[in-house]
Amino acid sequence: MPLSVWWHAYLTPPASAVKFAIKATLAMLLALYIALWCDLDRPYWALISAAFLQIRPMSGMVLEKGISQLSGTLIGCVVGIAIMAAFVQAPTPALVCLTLWISVCAYAASLTRNNASYGCIMAAVTAMLIVIITASAPGGLFAIAVARLSELALGAICATLVSALLWPIQVRDHLGDLADQVVNHAFLHGALRLNNSDDIGALQSTLTATLTPLTQLETDSQAARYEGPEGSGRIRASHVLTRRTSRLLAILHALQQLLRYHGDRLPAETRQLARDMAEGLRLSAEGQGVSQARERLLQLRHRALKCVERGIDKGGPCRGAVDGTSLDTSGVTSSPPSGPAGERLDPATIGGRDGAEDLLQLRLNMGMREALGHALVILDAREAIHTPGKRRLKAPALAWHRDHLAAALNGLRAGLVFALLATFWRYTAWDNGQVAMLVGTLFSAFFATRDNPAMVAATFLKGMLAAIPSAFLFGHVLLAQANDIVTLALVFMPPLFVGLLGAANPRLMGYCLAFTIGNILLTMPGNGMDLTFDGFLNRAIALVIGLSTVVTAFRLLPGLPLAVRKRRLVKATVSDLHRLWQRPPHQAETRFGGTMADRLLSLARHDDALPEQRRYLLSLGLVGLDLGYASLHLRRRLGEQAPPIRQALDRFAAALADDYGASARGEPPEHMRATGEQLLEALEQHGNNPVEQRLTAGLIERLTMSLERQAERSRLARER
């Protein structure tokens, strides 16, 4: 870690960091005072609860996290009581059941999001504490369960009060910042695409900068419901922004492919429109005025619409398509489609007399028109997040990608960590073994969903080691002289404030949060504190053993290898492409858009770990996103037509999904052309709209070429 980061965090801290540290310290001090006044058994749990809830200090987020924490604690109490009631005289079966429960909770935490995941972790930790603490005193089972619930509830209440009353930070402001990041980076990415940029690094960085806040926006928006009646409007606007941004990214990828490979065949007017659109998106991203950006994009959309109208007039009986039929960019094409044997088909045979260049121009203009339409809705969604009363948008919540195998591995690893520490505690009868089990259970589940859990766990271990001399000096040598709450606060709180001040910096959070938690666990403040050196040394050893076990487990069981994760992401995308037509269109689009945004972010991170000449995963994800929206577009246009057309459409959609999986392996598409020709024949025999034949033919050809290029790129990357 560069020294300048520490210098900036402690010698020139921003005002927000100082406010965060003050709020969190006051919340912990209030929780400690009330816990001591109520003579609770373990007041330090109230401190830990308040500290964890203040990590993200937005008022709605603190309240949502507090509810998740209390819900998880209550469930953990019930499970812990049930285990002890069944195995009160049989400690080994009790530990086996507890291990299984911890594995289940870690598995559930890996499949859920944000605060719900934290609730699952608390369910595991609470059950573990009840079983371990009551193993030697089963008569106090209910008293211990009530005490744990009371301590954690006290910490949650204090954190919520301080967060709401002192320098309150609203979720709405946080969502507004995320929305601004999403829109600005998406528009910058669009400008690069439409300028046909060859800078792969810039394309990937702007896409990652779009997807990272986009997924966080969709997750964090749920906390807005706790900030008044306008919260539901912000949630709906966040859903709209997520859906439209993912569709815009798919369109931009398709447009750049056509501009790159067939731009020289376009007339000057279309090329100029693409350049002007790129400049308009760039200015909209860099400018401050929303009204100016909307007016700029509206003018560009009117230009694109006029170009589409002229192209349709040129192609014959297509005027009604502009007025009533949705012309989606998934139909962008560059040349006439091919037959099963690869021969080129004459456009006149599919209902039109315009040539390949005219079709290319028409489709590209339609694509830019649709992209600008999505950009305008994105601007409306951003405005609705900032001021939901002005615009009322509606959209369902998106689904998320869930890898059950990776989650099962996380659950297995958490169970193994606890089983090792529990076995050591069982056969040594070590008094502080429960501290080691607490640390192992908490952090093995807490770090499992991080990108590099072994590194994060090692960072926490370093922070805990730094807390040992601090806790000894402030929590034992100096605290032994304290005789009232004021002296206790003056002695015990400064190291916590120092740790929280550094934790406000995301780059230092791992070290500094561990330093803060370490000081609390090593001191364990309370009315009957153990200030002996032996007790302190025992706790320090327990912390080191617990975290070292976690680090070792993450290094020995690091998770799924990159190649396996890539294959599973592709397999999940293929499966979604197959299942797109098994759900109603609206539900299918909602699920597909959310899961693909998640997968694109994962693929972008995997690509960053590869040499530049071997990067193809992000492109693969964008192709999958494009194919999904193209398939949904076909369903909307042709799904209600004659049964032979629907059957041919089903075969084409299945071939599309299978050939996408083949392109990831570097194999060219083998089934799309044949099934596409069957679909065109069905349209010719049973359809009555030549426009649909031209649009569908163009779509088939473009998707086939896209998969051919992706297969070539995948093959070259795998050979290098």
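Provided above is the structure to which this section pertains.
Description of the structure in this document. Note that the structure is a prediction, hence the values are computed from the model and not measured.

Attention shifts here to the state of the cysteines. Counting across every chain of the model gives 0 disulfides. There is no disulfide at Cys-38, and the cysteine sulfur nearest it, in Cys-158, is 9.8 Å away. The partly exposed category is assigned to Cys-38, whose relative accessible area is 41%.

One pass over the full model with this rule turns up 13 aromatic pairs. Taking the centre distance of 5.7 Å and the plane angle of 65 degrees together, the rings of Phe-52 and Phe-446 count as edge-to-face. Of this pair, Phe-52 sits in helix α3 (residues 44-53) while Phe-446 sits in helix α16 (residues 433-446), placing them 394 residues apart in sequence. Residues Phe-52 and Phe-446 agree in their burial class; the two are buried. Residue placement shows Lys-65 over the ring face of Tyr-118; its charged tip is 4.8 Å from the ring centre. Directly above the aromatic system of Tyr-629 lies the positively charged group of Arg-247, at a separation of 5.6 Å from the ring centroid.

Now for the pattern of salt bridges. For the structure on display, the rule yields 16 salt bridges. Measuring nitrogen to oxygen at the nearest pair gives 3.0 Å for the salt bridge that ties Glu-383 to Arg-294. Remark: Arg-294 occurs in helix α12 (residues 290-315) and Glu-383 occurs in helix α14 (residues 356-386); sequence separation between them is 89 residues. When sorted by exposure, Glu-383 lands in the same class as Arg-294, which is buried. Salt-bridge contacts for Arg-369 lead to Glu-370; the nearest nitrogen and oxygen are separated by 2.4 Å. For the residue pair Arg-369 and Glu-370, the accessibility class agrees, reading buried in each case.

If you check helix α6 (residues 114-134), its first and last C-alpha atoms are 31 Å apart, about what 21 residues at 1.5 Å a residue would give, namely 30 Å. Across the 21 residues that make up α6, a large majority, 19, are buried.

This part is about the nonpolar core. Formed by 106 residues in total, the largest nonpolar core has its most connected members in Leu-98, Met-128, Phe-418, Phe-443 and Phe-492. Those residues in contact with Phe-443, other than ones at most four positions away along the chain, are Phe-460, Met-464, Leu-547, Val-550 and Phe-554. The next biggest cluster of nonpolar side chains, apart from the first, holds 98 residues, and it includes Leu-241, Leu-300, Ala-604 and Ala-648.

Glancing now at helix α11 (residues 268-286). Helix length check: α11, at 19 residues, gives a terminal C-alpha distance of 27 Å against a target of 27 Å (1.5 Å per residue), a fit within 8%. Buried residues of α11: Thr-270, Leu-273, Ala-274, Met-277, Ala-278, Gly-280, Leu-281, Ser-284 and Ala-285, and no others. Mapping the buried residues of α11 onto a view down its axis gives an arc of 160 degrees, with all of them on the same face.

Rules behind the numbers
- Residues numbered from 1 in each chain as written.
- Predicted model: local features only at pLDDT ≥ 70, side-chain atom pairs only at ≥ 80, totals over all residues.
- Heavy atoms only, no water.
- Disulfide = S-S within 2.5 Å.
- Buried < 20%, exposed > 50% of the residue type's maximum accessible area, 1.4 Å probe, protein only.
- Phe/Tyr/Trp six-rings, centres within 6.5 Å; stacked < 30°, edge-to-face > 60°.
- Helix = DSSP H or I, 4+ residues; strand = E, 2+ residues; numbered from the N terminus.
- Lys NZ or Arg CZ within 6 Å of the ring centre and 35° of its normal.
- Salt bridge = Lys/Arg side-chain N within 4 Å of Asp/Glu carboxyl O.
- Expected span 1.5 Å × (residues − 1).
- Core = buried A, V, L, I, M, F, W, Y, C linked by side-chain atoms within 4.5 Å.
- Contact = heavy atoms within 4.5 Å.
- Arc of directions from axis to C-beta.

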